[in-house]
Amino acid sequence: MLLKQRYIQNHRDFIREYDRAAGKIDPELKGSGPSRAQYFRWLSGALTGLPYPHHLRVLEKMFPEWAAPQLFEPYSESIGFVSKPQAVTSTQPTPENEELVRIYPTRASVPYAVWNELIHSVSTRMDVLVFSGQFLVEQYDILPVVRAKARNGVKFRFLVGNQQSPAVVQRGVEEGTTGGLEGRVQMMRRYLRRVSELSGVEVRTHGTILYNSIYRFDDQALINGHAYGALAGESPVLHLRRSDDGPMWSHYMDSFERVWKLAEQEK
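Remember, it's a predicted structure, so these values are computed and weren't measured experimentally.

S.K.: Looking at this structure, I do not really get a positive patch on the surface. What am I missing?
M.R.: A surface patch of like charges, here positive, comprises Arg147, Arg151, Arg190, Arg193 and Arg194. Relative to the assigned elements, Arg151 resides in helix α8 (residues 142-151). Arg151 gets classed as exposed once you look at its relative accessible area, which sits at 67%.

Below, the structure is given as structure tokens:
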């Protein structure tokens, strides 16, 4: 609605105005606008969370009367009327609430569109720490994405379980799938062999206790906690966005790096 009021009719017009505002903040932000696909996701009303912080800075410069979150709220009034922006709280954001996009009660409740968008929007790196993670292949068809993005320089690191390790065997017993988890781990390792020889794709196996499954997509991550006796799909998920000095992001990414150092190269 705000774009229509300003006669911004297409992606090209938007980028022109975006760059104009970005140049007033920081010349280096010029050219950092959304791709055509991202732009239409912004307009769709189906965007999960908010765009990257640098996008939000520029948008607030473009629309100074509005706080960035308000720009992505649903609009249901007539086309000739835009309500006044709601009063913005004076409470200063903290690193904690800047990081947390959303909490999902279970992994199964994370919408398909969220996973799909995060996977397909990766432009720099994707890190995965799991025992199996088989659903990434069978539900989200991630292997073709890995192949295509690896050719464009995206880095992938997969940490999967060693099905013979005591931690994997014990986890299967605790979740009531004796032998089942080991089979899923083997299947995932088999899937990943199809891409493990690609430049930029690294696969390692580990036998550490899996306190959390970690799925990092550039500067966003889904953290799937685990509970004794419950399947991973039944446990809550934190959707995090990286922020300057954010304690939660560092906490989980440091955990990934510790496991990565202990893990063995997949054979």
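S.K.: Looking at this model, I keep getting lost on the pairing of strand β3 (residues 155-161). Mind explaining?
M.R.: As a general feature of sheets, a regular strand has side chains that alternate between the two faces. Counting buried residues in β3 gives six out of seven residues, a clear majority hidden from the surface. Both strand β2 (residues 125-129) and β3 contribute to a ladder of five bridges, which runs parallel. In the strand pairing of β3, Val128 is matched with Phe158.

S.K.: Help me understand the pairing of strand β6 (residues 220-225) in this model?
M.R.: Of all six residues in β6, six are buried, a share of seventy percent or more. Residues Gln220, Leu222 and Asn224 point to one face of β6 and Ala221, Ile223 and Gly225 to the other, with burial holding for every one of them. Of the pairings in the sheet, the one linking strand β5 (residues 212-217) to β6 comprises six bridges and is antiparallel in character. Residue pairing in the sheet places Arg216 in a bridge with Ala221 of β6. As consecutive antiparallel partners, β5 and β6 are separated by two residues, and within that stretch Asp218 has a phi angle of approximately 55 degrees, a positive value.

S.K.: Is there a simple way to explain the sheet that holds strand β7 (residues 237-241) in this structure?
M.R.: The pairing of strands in a sheet happens through backbone hydrogen bonds and is either parallel or antiparallel. Overall, mixed pairing links the eight strands, which are arranged β1-β7-β6-β5-β2-β3-β4-β8 in an open sheet. The sheet terminates laterally at β1 (100-104) and β8 (264-265), the two strands that pair on one side only. Contacting β2, β3 and β4 (201-206), α8 crosses the sheet at an angle of about 145 degrees to β3.

S.K.: Is there a simple way to think about the environment of Arg20 in this case?
M.R.: Along the polypeptide, Arg20 turns up in helix α2 (residues 11-25). In sequence terms Arg20 and Lys61 are 41 residues apart; their C-alpha atoms lie 9.7 Å from each other. Here Glu17 takes part through its side chain, which lies 3.2 Å from a polar atom of the side chain of Arg20.

Conventions and cut-offs
Counting restarts for each chain, with residues numbered from 1 along the sequence as it is written. In keeping with the predicted nature of the model, local features appear solely for residues at pLDDT of at least 70, side-chain atom pairs appear and are counted solely at 80 or more, and the whole-chain, interface and lining totals rest on all residues. With hydrogens and water stripped out, all remaining heavy atoms of the structure feed into the side-chain values. Only residues whose relative accessible area exceeds 30% and that form no salt bridge enter a patch; like-charged residues are grouped when within 9 Å of one another, and nonpolar side chains (Val, Leu, Ile, Met, Phe, Trp, Tyr) when within 5 Å. Exposure was quantified through the Shrake-Rupley algorithm and a 1.4 Å probe, taking into account, for residues, occlusion by the shown protein chains and nothing else. The term salt bridge refers to a side-chain nitrogen of Lys or Arg lying within 4 Å of a carboxyl oxygen of Asp or Glu. In this tally, Lys and Arg are treated as positive and Asp and Glu as negative; His is ignored, and so are the chain termini. Where a charge lies is defined by one atom per residue type, namely NZ (Lys), CZ (Arg), CG (Asp) and CD (Glu). Where helices and strands are cited, they refer to DSSP runs of H or I of at least four residues and of E of at least two residues respectively, numbered from the N terminus. A 1.4 Å probe rolled over the protein chains alone gives each residue an accessible area, and that area as a share of the maximum for its type sets the label: buried under 20%, exposed over 50%, partly exposed in between. A pair of strands is labelled paired if DSSP reports no fewer than 2 bridges between them. Any two residues whose heavy atoms approach within 4.5 Å at even a single point are treated as in contact. Axes here mean lines fitted to C-alpha atoms, for a helix over just the part in contact, with angles spanning 0 to 180 degrees between N-to-C directions. Identification of polar contacts relies on pairs of N or O atoms within 3.5 Å, with a donor-acceptor requirement for protein atoms, meaning one able to donate a hydrogen and the other able to accept it, and with residues adjacent in sequence counted only if both atoms are side-chain atoms.

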